[in-house]
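# Notes for the structure review
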Amino acid sequence: MAVAKLKAPRGTFDVLSEDALKRRELHRRAWAVLGRGGYRPFETPVFEDTELFKRGVGDSTDIVRKEMFTFEDRGGRSLTLRPEGTAPVCRAYVEHGMHKLPQPVKLWYWGPFFRHERAQAGRYRQFSQVGIEALGSDDPSLDAESVLLLAEVLEAAGVRGATLKLSSLGTRESRESYLGKLRRYLHEHEGDLSEDVRARVEENPLRAFDADHVGTRAVMAAAPRLLDSLSPEDAEHFAEVCALLDDACLGYVVDPTLVRGLDYYTRTVFEFESDKLGAQSGVGGGGRYDGLVAELGGPPTPGVGWAAGVERILLASETKFPAAPRPIYVAIDEMGTRRQAFGLVTALREAGVRSELEQAGRSLKGQLRHAARIAARGVFIVGDGIEWTSLDTGEQRPVGGVQEAVRIAVGVVT
Ligand code: HAM
């Protein structure tokens, strides 16, 4: 009986070598951009207490209600694979007393995240995010800097023509009176709303702006806007963020209907959308979350940040990322031995030269074909002596020994 083949779980994928190289390159470019902005690398665990996300991301969000991978450990504790990185970073900020460090504390991260979503192109159950969080300052320049850094990371990744949407949600307090107004409006038009939105009018009325449902969209087109109801302080903060982005010549669209799928946002919210991603248009987004640290038991601490999907960046990218670097190949003819070839490759690698040797029992002809297939720069054939062939120029010559071979190879690769 045939043995059933196993597949990677739904919504997950293997990163094949070619993509792994692109991801490494993206990581390198992101690090360069974010490092210049004063952000330092940071890592948190892949799973956390479930309570962190319930409190941090919000009980009424889709993420917490239906998308978390939650499990019990052997001690009966409820743990959750992290669906996002902001709540964990804030948890770590509180846990390590980072409010005692010079503020703002600027951190960036890269790693796997997990959401139980319906899998489709650009939407996975395990995906990677690159993100930043800046904690300890509510200065509008931090919001603008954060947006600019995301624009720069996208630029460095070859994502062109993404649209930046920007809005402000105000502070929690100033939002309350608006939410009352919005709830009243939604109740007046209850008949036209989707069931899902109707069920959440009390709990999370802002989500109605995010609905795909045709009737709901029509109702929301005329709904009162939060952006028109900001307190004077919030409006001024938002105006300053916009002015700084104008000064930096970064184009954006103020979109008063911009709603993000997480509950912790206050004041600035933003998102970059790319039309190269189809239904999943969000490449990256974020905003300010001035109440989150306090909600997690820390001192009142403002914060702002964003995350972008690594897979979505690469899908939207127009850059040809560099292919694998080209090696030197060491072949063996019928007079040569494995020990000679192994010795030469070891010497080449010690000298910093990427090199490979014959390890699959090919004939000499097969080895030379293989060298061309792996785009080798050249081949040493070990046999009676050593012979060098450059695959770029076709030049062929005998080599005096291992030392000379190393010199030739170093000369070719540098
Ligand atoms: P988010 O908008 O939920 O924000 O996710 C950020 C980015 O992660 C999205 O724009 C998208 O590119 C990517 N992403 C999300 N879900 C998936 C998925 N299922 N498959 C592939 N990519 C996905 C946050 O996570 C916030 N923590 C961002 C933030 C940081 N806000 C403040 N600081």
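Read on for a plain summary of the structure. These numbers were taken from a predicted model, which means no experiment stands behind them.

### Here we look at the nonpolar core
- Membership of the largest hydrophobic core comes to 45 residues, with the highest contact counts inside it found for Leu182, Phe209 and Met220.
- At the level of elements, helix H2 (50-56), helix H3 (62-66), helix H4 (86-95), strand E5 (105-114), strand E6 (126-135), helix H6 (172-188), helix H8 (214-221) and helix H10 (292-295) are the ones that each hand at least two residues to this core.
- If we ignore the near neighbours within four places in the chain, the residues touching Leu182 are Pro205, Leu206, Phe209, Met220, Ala223 and Pro224.
- Val33, Leu150, Val304 and Ile313 belong to the second largest nonpolar core, which has 40 residues in total.

### A word on the packing of aromatic side chains
- Counted by the stated rule, this structure contains eight aromatic pairs.
- The interplanar angle of 70 degrees and the centroid separation of 5.7 Å between the aromatic rings of Tyr264 and Tyr289 together place this pair among those described as edge-to-face. Within this pair, whereas Tyr264 is found in the loop between strand E8 (253-254) and strand E9 (266-273), its partner Tyr289 is found in the loop between strand E10 (282-288) and H10, the two being separated by 25 residues in sequence.
- Put simply, the rings of Tyr109, Phe113 and Phe127 touch in pairs and so form one group of aromatic residues.
- In this structure, Arg82 is placed above the aromatic ring of Phe113, and the distance from its NZ or CZ to the ring centre is 4.1 Å.

### Details of unusual backbone geometry
- Pro104 follows Gln103 through a cis peptide bond whose omega is -5 degrees.
- Here Pro104 shows up in the loop between H4 and E5.
- With phi around 60 degrees, Cys249 is a residue other than glycine that occupies positive phi space.
- The topology assignment puts Cys249 in the loop between helix H9 (232-247) and E8.
- Its identity is not glycine, yet Arg267 carries a phi of approximately 55 degrees, on the positive side.
- Positionally, Arg267 belongs in strand E9.
- A residue is classified by how much of its surface remains accessible, and Arg267, at 10% relative accessible area, is buried.

Cut-offs applied
Residues numbered from 1 in each chain as written. Predicted model: local features only at pLDDT ≥ 70, side-chain atom pairs only at ≥ 80, totals over all residues. Heavy atoms only, no water. Core = buried A, V, L, I, M, F, W, Y, C linked by side-chain atoms within 4.5 Å. Buried < 20%, exposed > 50% of the residue type's maximum accessible area, 1.4 Å probe, protein only. Helix = DSSP H or I, 4+ residues; strand = E, 2+ residues; numbered from the N terminus. Contact = heavy atoms within 4.5 Å. Phe/Tyr/Trp six-rings, centres within 6.5 Å; stacked < 30°, edge-to-face > 60°. Lys NZ or Arg CZ within 6 Å of the ring centre and 35° of its normal.

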